[in-house]
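So you can see what is in the structure, the chains are spelled out below.
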Amino acid sequence: MEQEKQPISFPNLLRRLYITYEIAWNVLLVLAVVLLCAVSFSFGVGAGYFASLVKDMRIPSYTEMKKDIYNYEETTHIYFANRVYLGSFRSDIEREEVALKDVSPYVTKAIIATEDEYFYEHKGVVPKAIIRALFQEATNSSLRTGGSTLTQQLVKNQILTNEVSFERKAKEILLALRLEHFFSKDEILEAYLNVVPFGRNSSGRNIAGIQAAAQGVFGVNAKDLNLAQAAFLAGLPQSPFGYTPFTSDGEVKKDLSPALQRMKTVLNRMKKAGYISERQYNEALTYDVAKHLAPPKPSPFEKYPWLTMEIEQRAKAILADVLAKKDGYTKKDLQTNPSLYEEYKTKAEKQLRQNGYDIYTTIDKDIYDRMQEVVAKYPYFGSDIMKREKDKKTGKIVTKVEPVEVGAMLIENQTGRIISFVGGRDYHREQLNHATQAYRSNGSTMKPLLVYAPAMEMGIVQPGSVIPDIDLLVQTPSGSYSPKNADRRTHGFVSVRRALQYSYNIPAVRTYMKTISQRPITYLEKMGFTSLTRADATNLSMALGALTKGVTVEENVNAYATFGNYGTFVDAYLIEKIVAKDGQVVYEHKSEPVNVFSPQTAYLTIDMMRDVIRQGTAASLPSFLKFHADWAGKTGTGQDNKDAWFVATNPNVTFGTWIGYDTPRPLELKYKGLSYSKRNLLLWAQLMNAAYDVKPDLVAPKQRFNMPGGIVRRAYCTVSGLIPSAMCEKAGLVSYDLYNAKFVPTEEDHSLTSGKFVEVNGKRYAALPTTPQEFTSEGVGFNAQVLEEWGIKDTDLTKLFPDSAQWKNVAVFAELKENGKRPDPPVAQLSGKTLTWTAHRELDVVGYRVYRAEQEGLPFQVAAAIKAGPSPSFTIPSAAGVYYVTAVDISGNESLPSNLISLATPVNTQEKTDNAATNQNEQ
């Protein structure tokens, strides 16, 4: 029989539930204790591990941390004159510092919502975010939310490295906590916004910092970014080069969807954080980002390659001096120690690329731009040449085209400011700056600088001094030297003024020979010539610009500015000042004028160079110019026509141009109807016309050069340059010129004498006492002894006389030696009524006598005296008779008669008729 179940009583049920509760509670308690122990153990292990990771780390001070977080690379900016912006200094990354107050509020909200939603609440780190990141790392999760706050990111970017390791992360956390202790949230946010990378700008260059991003992506300032733009930029730091809308070439990517999707994510987070409304969210999503992207902006290097490179080089040199000076070194130390100079130049370059300086230059943007346009369009440079050379990459021989190049420089006289320059025709073909780095012979532009101005300063010559322009042969240690004039002719006695006006070479060398012992090369050194060699000091051809190394356009033009500045040299400069980002002036140019010539010498040189433009080798220039100014200048040609120069100065500015091939070759004598000299003059004029269109008052001052005191006008004898004698006045050989009052002539000319002379074969000789008077002429003669002052001997003295009417009556009273015998009789012949005979072969014959008699047997009388000449002759009058000719030498010896020439009396027709009638009547 089955036993019947007993029902559970209520007390038993309670007892069972209590037992179950006790067991569960104890289990939970044990689990809690175990978990707590595990957590404590883990925390202890973690803390210990954390401590072990940072135990060797030096804790930075507030000052050190401040220096580190604000020590971010910042772009250096370059300016034309008058603070006209040129562009940024070349660097690996473009960055522009901006204060937080000058950043759009949309940006800060977008960054916080996207990168660090608890930014204003945490103390540098968010523990749960770190734990979440560690869990994702441990489980190798594909979802990575990141565990770094903005503070941590700032520490990583500015203090630590991007190394992926627990040690670096531990240090990052510790430093983030310390950073939050020292700095406010706004300070941290501002620093972050200035360092975070944003990919590329519209020109393809790397950018960092919100200001560079705003400008580079949308073409606006950070404070003017709208909501959509701010959200777009805030999304870039997660993957700067993945989300950036531009390629490295500055082109817009074909697919912007990843960046736009990221922008939508940022906007969504901003909406969830309550920073923007639903309406703002939807409006921002409709914004056409692609339509508002900034257009490409060429870098200053792309638009102004020669200028930016020149600025960079000069800025590095200047800053190297500044840094070396801070360390106790002098400029001379750098000049004499190349390795030391390179060390400081490297430091300077790094600072210029990272420290955000402002560099202010002297270059006038408008003039510079116009000059480049003129060069680009100029059609008269000349033909290109073909050059075969080895290609550096392939090693193959290739043919390269080499055009005529150009260099030009415009300098303000009183300040030395470089207003503009032309570096060449095509930077991509040839990077050499032909205005500042190309060293070439300066040809005859050297004559005022090294020859005539120094000689006038020494009192050796003045504009009215006379120099014999005749063939010159000098023996030098390196051999014989015989300079030639460009026209391959000589011009006799010429004044210094005329010699410079027409750029005669021989007078320049003769003058230089008189000064070379006094080292006139020191004048070039004072005027900034940096490439002079020891050999240049003794080389006579230096007078014609034959430097060993050469001179740059800048140095040559700068030297000429000395004349425009009344004898004071002011070194040309391009950088006005360099200012640090905190406003401190790191460098500011200060001129150090050097007295080179007296104002009198400078003015006399100016006045002579005016004649070069009025009537000399640059006489065509005024017709090319559209304006008038008091220009004074000099042309120059290198040996074998390899270089063409023209440099001129007025009371405000000095401007010079050079044209030539990079591989020195002769320029074409004619191209499109213009000589190489006129091609250069026309280019000079067109460049100045362009500058005049921009700054007429600068380029064409209304005032002329003022004549300083101490200059007088005096007469001089054009034979010697001395005070005119009565004989000089009688010969009409008096001229006038300006003189430094200290060096006016004090001696009277003694080179001219009065006397009788004879002329044989175009040459004049002093008559002897026995020379028949009828063969002599009265005139002014030249005393050849004065040539000893110039060291001239055994020369054809007639070459000394210029080919002008003024000199026609001046004779060289040279000695004509008599051959000691009676001349041979000439042979005469009759042609019509003209009696002719051959010029006598004996050189001492000075004339001929023609004799006549009524008929043979009757006495002969002198009918005419004919002076010696190439084709002697005598026209017989109507009287009939018998004639003969004799030759007479300088001593008066007369030859025997020539053969007789008879001329019958012609019979008159009417006389015959009358005689016939008379005879008939008589019959």
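Quick caveat, the model's predicted, so the values are computed rather than measured.

Asker: In this structure, what is going on with the overall build of the chain? I would like to understand it.
Answerer: The secondary structure content of the chain amounts to 28 helices and 36 strands. Here the chain, with 923 residues, has 49% of them falling under the buried criterion. Within the chain, residue pairs in contact and separated by at least 24 positions form 69% of the contacts whose partners lie at least 6 positions apart. Within the structure as shown, the chain displays about 46000 Å² of accessible surface, and the carbon and sulfur contribution to it stands at 51%.

Asker: I keep staring at unusual backbone geometry and nothing clicks. Help me out?
Answerer: A negative phi angle characterises most non-glycine residues, just as the trans form characterises most peptide bonds. A positive phi angle, close to 50 degrees, is found at arginine 519, a residue other than glycine. With respect to the element layout, arginine 519 can be found in the loop between α20 (505–515) and α21 (521–526). A relative accessible area of 39% means that arginine 519 is categorised as partly exposed. One non-glycine residue, lysine 672, lies in positive phi territory at about 55 degrees. Looking at the element boundaries, lysine 672 is found in the loop between β22 (670–671) and β23 (674–675). The class of lysine 672 is exposed, set by a relative accessible area of 54%.

Asker: Please clarify how the nonpolar core should be interpreted in this entry.
Answerer: Nonpolar side chains in soluble globular proteins generally cluster together in the buried interior. The biggest cluster of nonpolar side chains holds 134 residues, and the ones touching the most others in it are Phe421, Leu524, Trp631 and Met688. Those residues within four positions of leucine 524 in sequence are excluded, and the remaining contacts are Met446, Leu449, Leu450, Phe529, Leu532 and Met542. Counting 60 residues, the second largest nonpolar core, distinct from the first, contains Leu154, Tyr192, Ala213 and Ala259.

Asker: Is there a simple way to explain the confidence of the model for the chain in this structure?
Answerer: If pLDDT is low for a region, its predicted coordinates should not be looked at in detail. Residues of the chain with pLDDT of at least 70 account for 87%, and the chain-wide mean is 87. Note on residues 906–923: pLDDT under 50 across the span, and one contact to partners over four residues away in sequence or across chains.

Asker: For this particular structure, what's the right way to read the packing of helix α9 (residues 227–234) against helix α11 (residues 257–272)?
Answerer: When two helices pack together, you describe them by how their axes are tilted relative to each other and by the distance separating the axes. The N-to-C vectors of α9 and α11 enclose an angle of 110 degrees; their axes lie 8 Å apart at closest approach. Taken together, the axis directions place α9 and α11 in an arrangement best described as roughly perpendicular. Of the two possible hands of crossing, α9 and α11 adopt the one that is right-handed. Taken together, the residues of α11 that come into contact with α9 (itself represented by Leu227, Ala228, Ala231, Phe232 and Ala234) are Ala259, Leu260, Met263, Val266, Leu267 and Met270. Along the lines of polarity and charge, the residues of the contact of α9 with α11 split into eleven nonpolar, no polar and no charged.

Asker: Please clarify how the pattern of salt bridges should be interpreted in this entry.
Answerer: Note that side chains of opposite charge can pair when their charged atoms are close. Under the criterion given, the structure shown has 37 salt bridges. Of the charged contacts in the structure, one is a salt bridge between glutamate 310 and arginine 314, with a shortest N-O distance of 2.8 Å. Residue glutamate 310 and its partner arginine 314 are located together in helix α14 (residues 305–326), separated by four residues, close to a single helical turn. Judged by relative accessible area, glutamate 310 falls into the buried class, the value being 6%. Residue aspartate 607 pairs with arginine 610 through a salt bridge whose shortest N-O separation is 2.9 Å. Separated by three residues within a single helix, aspartate 607 and arginine 610 lie in helix α23 (residues 599–614), roughly one turn from each other. A single burial state applies to aspartate 607 and to arginine 610, both of which are buried. A network of salt bridges, in which partner residues are shared, links Arg497, Asp607, Arg610, Asp611, Arg614, Asp630, Arg704 and Asp737.

Asker: What exactly am I supposed to notice about the packing of helix α3 (residues 105–115) against α11 here?
Answerer: Viewed as axis vectors pointing N to C, α3 and α11 meet at an angle of 95 degrees, and their least axial separation amounts to 8 Å. When the interaxial angle is binned, α3 and α11 end up roughly perpendicular. The residues of α11 that touch α3, namely those facing Tyr106, Lys109, Ala110, Ala113, Thr114 and Glu115, are Arg262, Val266, Arg269 and Met270. A per-class count over the contact of α3 with α11 returns five nonpolar, one polar and four charged.

Asker: Please clarify how the pairing of strand β16 (residues 575–579) should be interpreted in this entry.
Answerer: Residues in a regular strand project their side chains so that they alternate between the two faces of the sheet. Most of β16 is tucked away, with four of its five residues classed as buried. Here strand β6 (residues 358–361) pairs with β16 via four bridges, running antiparallel. Within β16, the position partnered with tyrosine 360 by the bridge is lysine 577. The sheet contact formed by β16 and strand β17 (residues 585–588) spans three bridges and is antiparallel. Paired with valine 579 across the strands is valine 585, a residue of β17. What sits between β16 and β17 in their antiparallel hairpin is a turn of five residues, with glycine 583 showing a positive phi close to 95 degrees.

Asker: Where do I start with the state of the cysteines in this structure?
Answerer: As enumerated under the stated definition, the model contains one disulfide in all. A sulfur-sulfur distance of 2.2 Å marks the disulfide that ties cysteine 717 to cysteine 728. Here cysteine 717 and cysteine 728 share a disulfide; its torsion about the S-S bond, 105 degrees, makes the bridge right-handed. Taken together, the residues cysteine 717 in strand β24 (residues 711–717) and cysteine 728 in helix α27 (residues 726–730) connect sequence positions eleven residues apart.

Asker: Can you help me understand the sheet that holds strand β21 (residues 653–661) in this one?
Answerer: To summarise the sheet geometry, strands pair through backbone hydrogen bonds and adopt either a parallel or an antiparallel arrangement. In spatial order, the strands read β10-β9-β21-β20-β19; together these five strands make up an open sheet with antiparallel pairing. In this open sheet, the two edge strands, each paired with only one partner strand, are β10 (418–422) and β19 (632–637). The mean angle between the axes of side-by-side strands here comes to 5 degrees, regardless of whether they run parallel or antiparallel. Two elements, β19 and strand β20 (residues 643–649), share six bridges in a ladder whose sense is antiparallel. Each residue of the ladder has a partner; that of alanine 632, found in β20, is threonine 649.

Asker: I'm lost on the side chain of serine 441 in this one. Help?
Answerer: If you trace the backbone, serine 441 turns up in the loop between β10 and α18 (446–457). Among the polar contacts listed, one links the side chain of serine 441 to the backbone nitrogen of glycine 443, at a separation of 3.3 Å. A polar contact of 2.8 Å, which involves the side chain of serine 441, links it to the backbone oxygen of glycine 545.

Asker: What am I meant to see in the packing of aromatic side chains here?
Answerer: Two numbers describe a pair of aromatic rings. These are the distance of the centres and the angle of the planes. A complete count under the given rule lists 23 aromatic pairs for this structure. On the basis of an interplanar angle of 80 degrees and a centroid distance of 5.0 Å, the ring pair of tyrosine 378 and phenylalanine 381 is categorised as edge-to-face. Tyrosine 378 gets classed as buried once you look at its relative accessible area, which sits at 6%. Judged by its relative accessible area of 2%, phenylalanine 381 is buried. Through a chain of ring-to-ring contacts, the aromatic side chains of Phe80, Tyr304, Tyr368 and Phe421 assemble into a single cluster. The ring of tyrosine 281 has lysine 271 sitting right over it, with the charged end atom 4.2 Å from the ring centre.

Asker: Which parts of the structure should I look at to understand the sheet that holds strand β32 (residues 845–853)?
Answerer: The strand order across the open sheet formed by four strands is β33-β32-β35-β36, and the pairing between neighbours is antiparallel. Looking at which strands have only one partner, the edges of the open sheet turn out to be β33 (861–867) and β36 (901–903). Ignoring strand direction, the axes of neighbouring strands in this sheet form an average angle of 25 degrees. Looking at chain direction, β32 and β33 are connected through six bridges and run antiparallel. Within β33, the residue paired with glycine 847 across the bridge is lysine 867.

Cut-offs used in this document
Residues numbered from 1 in each chain as written. Predicted model: local features only at pLDDT ≥ 70, side-chain atom pairs only at ≥ 80, totals over all residues. Heavy atoms only, no water. Helix = DSSP H or I, 4+ residues; strand = E, 2+ residues; numbered from the N terminus. Buried < 20%, exposed > 50% of the residue type's maximum accessible area, 1.4 Å probe, protein only. Contact = heavy atoms within 4.5 Å. Areas by Shrake-Rupley, 256 points an atom, 1.4 Å probe, with all protein chains shown as cover. Core = buried A, V, L, I, M, F, W, Y, C linked by side-chain atoms within 4.5 Å. pLDDT = per-residue confidence, 0-100. Axes fitted to C-alpha atoms, helices over the stretch in contact; angles between N-to-C directions. Parallel < 35°, antiparallel > 145°, perpendicular 65-115°, else oblique. Left-handed = near helix turned anticlockwise from the far one by under 90°. Nonpolar A, V, L, I, M, F, W, Y, C, P; charged D, E, K, R; others polar. Salt bridge = Lys/Arg side-chain N within 4 Å of Asp/Glu carboxyl O. Pairing = 2+ DSSP bridges. Disulfide = S-S within 2.5 Å. Polar contact = N/O pair within 3.5 Å; in protein donor to acceptor, adjacent residues only side chain to side chain. Phe/Tyr/Trp six-rings, centres within 6.5 Å; stacked < 30°, edge-to-face > 60°. Lys NZ or Arg CZ within 6 Å of the ring centre and 35° of its normal.

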